[in-house]
Each structure stands twice: as structure tokens, then as C-alpha cells.
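A look at the structure
The lines below spell out each chain.
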Protein chains: 2
Amino acid sequence: MKLTRIEPRSGTALLLDKGQSLTVVDPAGCQVADLLAFSRDDVREVLSNGRTFDYEEMIRLSVGNRLWSNRSQPMLEIIEDTVGRHDFLLTPCSRDTFRHFYPDKPEHRGCFGNLAEALAPWGITEDDIPVAFNCFMNVPVRSDGKISVDPPISNPGAKITFRAEMDLIIGLTACSAYASNGGAFKPIDYRIE
Amino acid sequence: MKLTRIEPRSGTALLLDKGQSLTVVDPAGCQVADLLAFSRDDVREVLSNGRTFDYEEMIRLSVGNRLWSNRSQPMLEIIEDTVGRHDFLLTPCSRDTFRHFYPDKPEHRGCFGNLAEALAPWGITEDDIPVAFNCFMNVPVRSDGKISVDPPISNPGAKITFRAEMDLIIGLTACSAYASNGGAFKPIDYRIE
């Protein structure tokens with residue numbers, strides 16, 4: 001089935017029906033895609049990293065793990081994953097994170113701004129954007145709790161597939177930050193089946 | 001200064017002005033207190049574990065670390081901490097988590113229900129409740145990402161003190177779950193200075 005492209009440093013929104021699957025592909029390798037999910041019945045029901053960590057008893061999520069909502073409902077299940085290294089700790093990059101981490105580089109609205117624009121037609125505002133599931137993002141946690149944002153280990157063509165457990169509005173980006181993708185802004189592809 | 005008691009399995013809300021400090025005390029030891037913070041200027045500005053992990057580059061937070069809002073502003077700084085082991089990964093226990101983790105035990109509205117009731121006078125609803133900063137909660141992260149909820153290492157009289165970086169509404173509980181406090185429900189004390 002045909003892939004749809006998300007151009008570098010941009011984002012999109014899409015509808016995913018219960019039972020459909022969404023495959024996110026890293027076509028060039030070493031790129032991150034921030035993924036958000038909102039219930040189509042009520043957009044106040046939204047992806048929650050904390051509820052997910054609670055129920056999955058795991059912060060490194062891969063095949064068989066489900067991503068849960070703030071209302072304790074499963075939203076997505078990971079059904080295929082050729083990488084096994086994703087992040088659910090960190091928020092989407094934004095103007096504020098650019099100013100903080102890259103004071104000498106041009107400011108960019110980042111995944112946060114891209115997601116806010118893409119999701120605005122559903123009445124979703126910046127304050128409604130939670131921690132994203134960051135596909136392919138490589139955030140090692142040291143034993144003392146220190147974290148770092150390292151280049152993704154995803155090779156060209158790497159992919160992760162989610163099955164929807166409810167009717168969803170999905171936000172999805174090709175990440176805009178320097179650290180998360182090793183400094184090279186690349187596209188992200190996806191398909192719905 | 002006098003301590004105020006939060007009875008076992010209950011919660012409260014309080015106002016904390018910018019510059020004031022809040023000390024949370026575990027009087028009997030081995031108990032957890034879920035802490036939430038909302039900006040008093042606009043309660044849509046709220047504690048964010050993801051933004052905090054971003055800016056502090058650390059998931060084990062202690063003295064010198066700041067807790068950040070979803071709008072990338074510091075809300076609280078940890079200025080004293082006799083324990084050094086707290087959690088910012090997991091959501092407040094709730095009716096749903098009781099059904100999931102303790103199907104044979106009586107259901108309880110948990111910290112989530114206690115916080116929702118305490119914060120309702122400010123127009124804060126269940127959907128507005130983010131991941132809490134769980135004082136004294138002991139959640140080891142293994143190298144493979146697996147997490148567990150172990151008994152707190154806090155001794156009787158253990159305490160953590162936060163200084164407010166903005167005018168805040170604080171939600172605070174004496175935790176209601178079995179696992180987080182080793183099965184013994186105990187009070188939590190606090191004072192504002």
C-alpha cells in the first residue's frame with residue numbers, strides 16, 4: 001500500500017478507525033516521529049505516558065505493549081516494530097526547547113507547533129498536547145536517572161505499526177530538533193491499512 | 001512551624017505563593033504523597049513530567065532540580081530532600097488502577113479521586129490531572145525498561161521541601177494504593193513557610 005510522506009520538520013493529522021493499523025516508516029534512517037492520539041468521541045481523552053507506564057509496567061515499549069489514555073483505556077497496540085527503541089518520556093520540541101537547548105541556532109516552532117497547527121481543526125489547543133510517543137527516539141536512562149538524547153538506531157526503512165483500539169485522531173511529525181535525529185532533518189512516511 | 005496532617009487515603013488542596021516553601025513530611029515512614037501543581041493565573045498551566053525530564057535531563061529528581069509546567073515554566077524547585085528517591089513516571093492511583101492491580105480488594109477512588117475532589121473548587125476536572133510528582137514513591141527502572149513499585153525507603157520524619165516559582169494551587173495526598181506504601185496506609189504531614 002502507498003506511503004504518504006511527511007516532509008522534514010513538518011507534521012500532519014489523520015483519522016485512524018478502531019481496528020485499522022498505522023505504520024510509521026523512517027525512510028532514510030536515524031529520524032524521529034512524534035505521535036499523539038486523541039479519542040475521536042471526546043478529544044479530552046488523550047495519550048498518557050503515566051497511565052501507560054502504570055499498566056504496562058515498562059518504560060521501553062515495543063510489540064505487545066499498549067498505549068493508554070488518561071482515562072485508563074487502551075488507545076493503540078504496537079503490533080510490529082523493527083527497532084525496539086522508542087521514547088515516551090519527553091515532550092515535543094518547541095520554540096521554548098529550541099531557545100533552551102540551541103540558543104545559537106535559528107528558533108523553530110518544532111514538533112509542538114507543527115502538531116498544534118495540524119490538530120487545531122478538531123479544537124485541540126497547545127495546552128491539550130501531552131507527552132508524545134516518540135517513534136525511533138533514542139533516550140537512554142542511566143542507573144542514576146540521567147537521560148540523554150542520542151541518535152536513533154533506526155536503519156533506512158525501519159518501521160513500527162500500531163493498531164487502533166478506538167476511533168482516533170492522530171498527530172504525527174517528522175522531528176525538527178537537532179539532537180533527536182543526529183542533526184539531519186529527514187522525512188517520515190506512513191500508511192494506514 | 002506547625003504541621004498539618006493529611007489523614008490516610010485522603011487528599012487536600014492548598015495555595016502556595018511564589019517564594020513560599022512547602023515541606024512534605026512522611027511522619028511514620030514508608031508512605032507516598034502525590035503532589036500536583038497548577039498555575040493560579042491559569043489552571044491550564046500544569047505540572048508536566050515530560051517538560052521536566054526535558055529540561056532537567058534527569059528522571060530521578062532531588063535538590064536543585066526544578067519541576068516544569070506544560071508551558072515550559074519552572075513551577076517548583078526542590079530545595080531540601082532527606083530521601084532522594086521519588087517518582088515522576090506514574091499517574092495517581094484511581095478506581096481503574098485498583099480494578100487492574102487489586103481485583104480482589106475493595107475498590108477505592110484513590111489519590112486520583114481525592115485530588116479531583118480537592119481541586120474541584122478551582123474548576124479543575126479529572127481530565128486536567130496530569131502525572132503527579134510522587135514524593136517518596138520508589139519506582140526502580142531496570143536496564144531493560146521494566147519498572148516496579150517497591151516500598152518507599154523513607155524513614156519516619158523523612159521530608160522534601162519545594163520552593164514555589166510562581167503562585168500555585170497544590171494538590172497533595174496520603175497515598176491510597178497498596179503497592180506504593182508497602183500495604184500500610186499512613187498519614188502525610190505538610191507545612192508552608
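Residues numbered from 1 in each chain as written. Chains lettered and ligands numbered in written order. Predicted model: local features only at pLDDT ≥ 70, side-chain atom pairs only at ≥ 80, totals over all residues. Heavy atoms only, no water.

1. Some points on the overall build of chain A
Quick reminder of the rule: Secondary structure is summarised from DSSP: a helix means a run of H or I of at least four residues, a strand means a run of E of at least two, and numbering begins at the N terminus for each. Atoms considered for the radius of gyration are the C-alpha atoms alone. The globule rule reads 2.2 Å times the number of residues to the power 0.38. Each residue is placed in one exposure class: buried if its accessible area under a 1.4 Å probe, protein chains only, is under 20% of its type's maximum, exposed if it is over 50%, and partly exposed if it falls in between. Contact criterion: two residues are considered in contact whenever any of their non-hydrogen atoms come within 4.5 Å of each other. In this tally, Lys and Arg are treated as positive and Asp and Glu as negative; His is ignored, and so are the chain termini. Where a charge lies is defined by one atom per residue type, namely NZ (Lys), CZ (Arg), CG (Asp) and CD (Glu).
Within chain A, the secondary structure is distributed over 3 helices and 10 strands. Helices and strands appear in chain A in the N-to-C order β-β-β-β-α-β-β-α-α-β-β-β-β. Here the C-alpha radius of gyration of chain A, 15 Å, is about what a compact globule of 193 residues would show, namely 16 Å. Each principal axis of the C-alpha atoms in chain A carries an extent, and together these give about 45 × 40 × 35 Å. Out of the 193 residues in chain A, the part that is buried amounts to 59%. A sequence separation of at least 24 residues applies to 75% of the contacts in chain A between residues at least 6 apart. The average position of the 21 basic charges and that of the 27 acidic charges among the side chains of chain A differ by 3 Å.

2. Thoughts on the relation of the copies chain B and chain A
Basically, it comes down to this: The fit set for superposing copies consists of C-alpha atoms from residues with pLDDT of at least 70 in both; the fit itself is least squares.
When chain B is fitted onto chain A, the two copies agree to an RMSD of 0.0 Å after a turn of 180° and an axial shift of 0.0 Å. On this basis, the relationship between the two copies can be described by a two-fold rotation axis. Distance from the rotation axis, computed per C-alpha, reaches its smallest value in chain B at Ser143 of chain B: 3.8 Å. When the interface residues of chain B are mapped onto chain A, 100% of them again lie at the interface, so the same face is used by both copies.

3. Description of the packing of aromatic side chains
Condition: For Phe, Tyr and Trp, rings pair up if their centres lie within 6.5 Å, where Trp contributes its six-membered ring, and each pair is then called stacked (planes under 30 degrees apart), edge-to-face (over 60) or tilted (otherwise). Only when the NZ atom of a Lys or the CZ atom of an Arg is both within 6 Å of the ring centre and within 35 degrees of the ring normal do we say a charge sits over the ring.
In total, this model carries 20 aromatic pairs over all chains according to the counting rule given. Centroid distance Phe98 of chain B to Tyr102 of chain B: 5.4 Å. Interplanar angle 55°. Geometry classified as tilted. The rings of Tyr55 and Trp68 of chain A together with Phe98, Phe101, Tyr102, Tyr178 and Phe185 of chain B are connected pair by pair, giving a single aromatic cluster. Across from the ring centre of Phe185 of chain B, 3.9 Å away, lies the NZ or CZ of Arg9 of chain B, which sits over that ring.

4. Structural notes on the side chain of Asn138 of chain A
Residue and element names in this part refer to chain A. Where we set the bar: In protein, a polar contact means a hydrogen-donor-capable atom and an acceptor-capable atom, both N or O and within 3.5 Å, with residues adjacent in sequence counting only if both atoms are side-chain atoms; elsewhere, any N or O pair within 3.5 Å suffices.
Tracing the chain through its elements places Asn138 in the loop between strand E7 (133-135) and strand E8 (158-164). Residue Asn138 is classed as buried on the basis of its relative accessible area, which comes to 5%. Looking at Asn138, its side chain comes within polar contact range of the side chain of Arg85, at 2.7 Å. A distance of 2.9 Å separates a polar side-chain atom of Asn138 from the backbone oxygen of Pro151.

5. A look at the UniProt feature "domain: DUF1989" (unreviewed entry) in chain A
As a reminder of what qualifies: UniProt positions are given in the numbering used here, feature names are shortened, and annotations may be inferred rather than shown by experiment.
Here, UniProt's "domain: DUF1989" (unreviewed entry) annotation points to residues 5-169 of chain A. The annotated region residues 5-169 of chain A carries 15% helix and 27% strand content, and the separation between its end C-alpha atoms amounts to 18 Å.

6. Here's the deal with the nonpolar core
How we decide: The nonpolar core is taken to be a set of buried Ala, Val, Leu, Ile, Met, Phe, Trp, Tyr and Cys residues, with the residues joined through side-chain atoms within 4.5 Å.
In this structure, Val24 and Leu76 of chain A together with Val24 and Leu76 of chain B are the most contacted members of the largest nonpolar core, which totals 118 residues. Residues in contact with Leu76 of chain B, not counting those within four places in the same chain, are Leu16, Leu35, Ala37, Asn65, Arg66, Leu67, Phe162, Arg163, Ala164, Glu165, Leu168 and Ile170 of chain B.

7. Observations regarding the interface of chain B and chain A
Inclusion rule: Accessible area, probed at 1.4 Å, shrinks when two parts are joined; the buried area is that loss added up over both. Here a salt bridge means any side-chain nitrogen of Lys or Arg lying within 4 Å of a carboxyl oxygen belonging to Asp or Glu.
Listed as interface residues are 34 residues of chain B and, on the opposing side, 34 residues of chain A. In total, chain B and chain A occlude about 3,100 Å² of area from one another, counting both sides; carbon and sulfur atoms represent 50% of this. Here chain B and chain A share 4 salt bridges between them. Applying the counting rule to chain B against chain A returns 16 residue pairs in polar contact (both at pLDDT 80 or more).

8. Digging into the sheet that holds strand E2 (residues 11-16) of chain B
All names here are of chain B. Note the following rule: Two strands are said to pair when DSSP picks up at least two bridges between them. Interaxial angles span 0 to 180 degrees and are taken between N-to-C directions of axes, which are lines fitted to C-alpha atoms, for helices over the stretch in contact.
Overall, antiparallel pairing links the 4 strands, which are arranged E2-E9-E4-E7 in an open sheet. Across the chains shown, the open sheet's two edge strands, defined by having one partner strand only, are E2 and strand E7 (133-135). When strand polarity is set aside, the average angle formed by the axes of neighbouring strands in this sheet is 25°. Note that strand E4 (residues 33-39) and strand E9 (residues 168-173) share 5 bridges and pair antiparallel. Bridging across to E9, Ala37 finds its partner in Ile170.

9. Some remarks on the environment of Ala116 of chain B
Residues and elements named next belong to chain B. For Ala116, the position within the fold is in helix H3 (residues 110-119). Considered as a pair, Ala116 and Asp41 are 75 residues apart in the sequence and their alpha carbons are 19 Å apart. Setting aside chain neighbours within four positions, we find Ala116 in contact with Ile124, Glu126 and Ile129.

10. Points about the pattern of salt bridges
All names here are of chain A. Taken as a whole, this structure holds 28 salt bridges over all chains when the rule is applied. The residue Asp17 makes a salt bridge to Arg40 at a minimum N-O spacing of 2.7 Å. One end of the pair, Asp17, is in the loop between strand E2 (11-16) and strand E3 (21-26); the other, Arg40, is in the loop between strand E4 (33-39) and helix H1 (49-56), and 23 residues separate them in sequence. Overall, Asp17 belongs to the partly exposed group, its relative accessible area being 33%. A salt bridge links Glu107 to Arg95; the nearest nitrogen and oxygen atoms lie 3.4 Å apart. Here Glu107, found in the loop between helix H2 (95-101) and helix H3 (110-119), pairs with Arg95, found in helix H2; they are 12 residues apart in sequence, far enough to count as distant. A relative accessible area of 39% places Glu107 in the partly exposed class. Since its relative accessible area comes to 40%, Arg95 is described here as partly exposed. A network of salt bridges, in which partner residues are shared, links Arg95, Asp96, Arg99 and Glu107.

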